[in-house]
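Commentary on secondary and tertiary structure
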Amino acid sequence: MRYQPFGNTGLFVSELCLGTMTFGGQGELWSQIGDLQQSDAERLIGRALDAGINFIDTADVYSQGQSEIITGQALKNLDVPRDEIVVASKVFGETGPGVNARGMSRYHIMEGIKASLKRLQLDHLDVYQIHGFDPATPIEEAIRALDTLVQHGHVRYVGVSNWAAWQIMKALGIAERHGLARFESLQAYYTLAGRDLERELIPMLQSENLGLMVWSPLAGGFLSGKYTRDSQGEAGSRRLNFDFPPVDKERAFDCIDVMGKIAKAHGVSVAQVALAWLLHQPAVTSVIVGAKRIDQLDDNIAATHVTLSTEELAELDAVSALPAEYPGWMLERQGDYRRQQIDQSRQR
């Protein structure tokens with residue numbers, strides 16, 4: 001297991017992060033994703049720790065808070081030293097019937113951290129992330145609230161999930177201008193079947209030195225190897241009941257065809273190839289893997305040992321390439337000469 005710096009900080013996290021969305025099974029949506037209870041969740045967490053994973057991600061809305069409860073109790077039951085684990089959670093989604101029980105207002109963030117720490121049985125979170133963008137709340141209000149949590153010791157670092165590049169840049173500008181804690185990470189969807197964030201988000205992350213936590217690296221199981229043009233997955237597969245995140249299935253099947261060939265050459269699963277491709281991407285800090293069974297988690301962990309050749313990476317990049325869009329194609333065209341000048345100067 002390799003460890004990466006977390007954004008522009010001295011914190012190091014494992015290249016795989018254990019996701020806990022399969023814990024709890026409370027509520028119609030979450031029961032379709034997973035319903036692991038305490039003992040099974042503890043086995044998964046124990047296996048992840050044994051493999052060197054030091055990073056766990058949860059959220060207040062997962063199974064209506066039950067995921068945080070199970071995660072916190074598991075860390076206690078397994079007697080995990082607090083300084084050996086990095087715990088991340090999120091705030092934004094609806095946590096109650098009240099009109100203010102959602103969003104990224106100071107009100108909701110302050111209530112959210114208290115509830116999450118109580119469920120997790122912790123005195124602080126290592127990473128606290130805004131789970132989505134709230135058009136009803138000024139960005140500065142949210143940034144100031146998160147900074148308060150950092151100043152009070154309830155949170156070590158702050159991050160964001162599912163924001164656009166311009167929104168993150170605005171937040172970074174506000175934080176820099178006022179000397180507030182800044183976002184150190186983005187949690188975002190990224191797979192061979194969905195490389196959209198390469199247009200704006202990844203260049204921004206690399207420019208500003210933010211970490212990238214990848215959610216749904218197998219596209220909701222679509223890249224697990226269970227789905228082909230001739231097979232729609234085994235009974236109980238998540239995609240059969242919860243077809244998310246959206247993918248261009250024909251384009252994804254083209255990717256799976258190439259992934260299958262590479263997987264066969266390496267003697268590994270298709271899922272391992274999908275994860276290995278992400279682990280080869282320079283912008284990726286940690287890939288969040290979730291599982292319902294130990295064998296699934298073991299297969300995901302094994303992806304850290306898969307080394308893809310330059311030729312294999314090029315083949316995967318080609319089959320999954322994004323169609324050209326403006327202004328990308330114009331930036332490429334107009335900047336080509338200057339890039340050549342830079343390359344030539346470096347060769348001298």
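The structure we're discussing is the one just above.
Structure report, in brief. These figures come from a predicted structure and were not determined experimentally.

Here's the deal with the layout of surface pockets
If you add up the space inside the largest pocket, you get close to 1100 Å³. Taken together, 45 residues line the largest pocket, and the ones lying closest to its centre are Met21, Ile33, Ser216, Gly220 and Arg238. When contributions to the lining of the largest pocket are tallied by element, the ones reaching two or more residues are helix H1 (28–33), helix H8 (238–241), helix H10 (270–279), strand E10 (286–289) and helix H11 (294–302). Of all the elements, H11 adds the most residues to the lining of the largest pocket, at four residues. Each pocket or cavity is described by its volume, and for the second largest pocket that value is around 420 Å³. What lines the second largest pocket is a set of 16 residues, among which Glu198, Arg199, Gly328, Trp329 and Leu331 lie closest to the centre. Those elements that provide at least two residues to the lining of the second largest pocket are helix H7 (201–208) and helix H13 (328–347). If you tally residues by element for the lining of the second largest pocket, the top one is H13, at five residues.

Brief notes about the packing of helix H6 (residues 165–178) against H7
Taken N-terminus to C-terminus, the directions of H6 and H7 make an angle of 20°; their axes are 9 Å apart at the nearest point. As far as their axial angle goes, H7 and H6 are roughly parallel. Crossing handedness for the pair H6 and H7: left-handed. When H6 is examined against H7, the residues Ala165, Ile168, Met169 and Leu172 are found in contact with a partner set consisting of Leu201, Met204 and Glu208. A per-class count over the contact of H6 with H7 returns six nonpolar, no polar and one charged.

Let's talk about H10
Counting buried positions along H10 gives ten out of ten residues, so the element sits mostly inside the fold. Of all the positions in H10, only Val270, Ala271, Gln272, Val273, Ala274, Leu275, Ala276, Trp277, Leu278 and Leu279 are classed as buried. As for H10, its buried residues are in contact with strand E3 (16–19), strand E9 (211–215), helix H9 (249–266), E10, H11 and helix H12 (310–319).

A look at the side chain of Ser224
Position of Ser224 relative to the elements: it lies in the loop between E9 and H8. In this structure the side chain of Ser224 is engaged in a polar contact, spanning 2.6 Å, whose partner is the backbone oxygen of Gly221. Looking at Ser224, its side chain comes within polar contact range of the main-chain nitrogen of Lys226, at 3.3 Å.

A look at the pattern of salt bridges
In total, this model carries 19 salt bridges according to the counting rule given. Its salt-bridge partner being Lys261, residue Glu315 comes within 2.4 Å of it at the nearest N-O pair. With Glu315 in helix H12 and Lys261 in helix H9, the pair connects residues that are 54 residues apart, well separated along the chain. Exposure remark for Lys261: the relative accessible area of 48% places this residue in the partly exposed category. Notably, a salt bridge pairs Arg293 with Asp295, separated by 2.9 Å at the nearest N-O pair. Note on Arg293: relative accessible area 39%, which makes it partly exposed. Connected via shared salt-bridge partners are Arg229, Glu250, Asp254 and Asp257.

What to know about helix H2 (residues 38–50)
Each turn of an α-helix holds 3.6 residues, which means side chains three or four residues apart point in the same direction. A rise of 1.5 Å per residue sets the reference length of H2, with its 13 residues, at 18 Å; its end C-alpha atoms lie 18 Å apart and thus fit the reference within 8%. Looking at H2, one finds that the buried residues are Ala41, Glu42, Leu44, Ile45, Gly46 and Ala48. Elements that come into contact with the buried residues of H2 comprise E3, strand E4 (55–57), helix H3 (66–77) and H11. At the exit of H2 stands Gly52, carrying a positive phi of roughly 100°.

What counts as what
- For every chain, the first residue of the written sequence is number 1, and numbering continues from 1 onward in sequence order.
- Reporting of local features is limited, given that this is a predicted model, to residues whose pLDDT is at least 70; pairs of side-chain atoms are given and counted only at 80 or more, and all residues count toward the totals for whole chains, interfaces and linings.
- Only hydrogens and water are set aside when side-chain values are computed; all heavy atoms of the structure are taken into account.
- Residues are called lining when one of their atoms sits within 4 Å of a cavity or pocket point, these points coming from a 1 Å grid over the protein atoms alone, where a cavity is a set in which a 1.4 Å probe fits but cannot get out and a pocket is an open set with protein on both sides within 12 Å along at least five of seven lines.
- Grid points are joined across faces, edges and corners, and a volume is the space filled by probe spheres set on the points.
- Numbering goes from the N terminus for both helices and strands, where a helix is a DSSP run of H or I of at least four residues and a strand is a run of E of at least two.
- Note on method: axes are straight lines fitted to C-alpha atoms, helices fitted across the in-contact stretch only, with angles between N-to-C directions ranging 0 to 180 degrees.
- Any angle that falls under 35 degrees is termed roughly parallel, while one over 145 is termed roughly antiparallel, one within 65 to 115 roughly perpendicular, and all others oblique.
- Rotating anticlockwise by less than a right angle from the far helix to the near helix defines a left-handed crossing, while the corresponding clockwise rotation defines a right-handed one.
- Contacts between residues were defined by any pair of non-hydrogen atoms, one from each residue, lying within 4.5 Å.
- Under the scheme applied here, ten amino acids are nonpolar (Ala, Val, Leu, Ile, Met, Phe, Trp, Tyr, Cys and Pro), four are charged (Asp, Glu, Lys and Arg), and all others, including Gly, are polar.
- The rule is simple: take the accessible area with a 1.4 Å probe, protein chains only, and divide by the maximum for that residue type; under 20% is buried, over 50% is exposed, in between is partly exposed.
- N or O atoms within 3.5 Å of each other form a polar contact, as long as, within protein, one can give a hydrogen and the other can take it, and as long as residues adjacent in sequence are counted only when both atoms are side-chain atoms.
- When a carboxyl oxygen of Asp or Glu is within 4 Å of a side-chain nitrogen of Lys or Arg, the pair counts as a salt bridge.
- Expected helix span is given by 1.5 Å per residue-to-residue step, counting one fewer step than there are residues.

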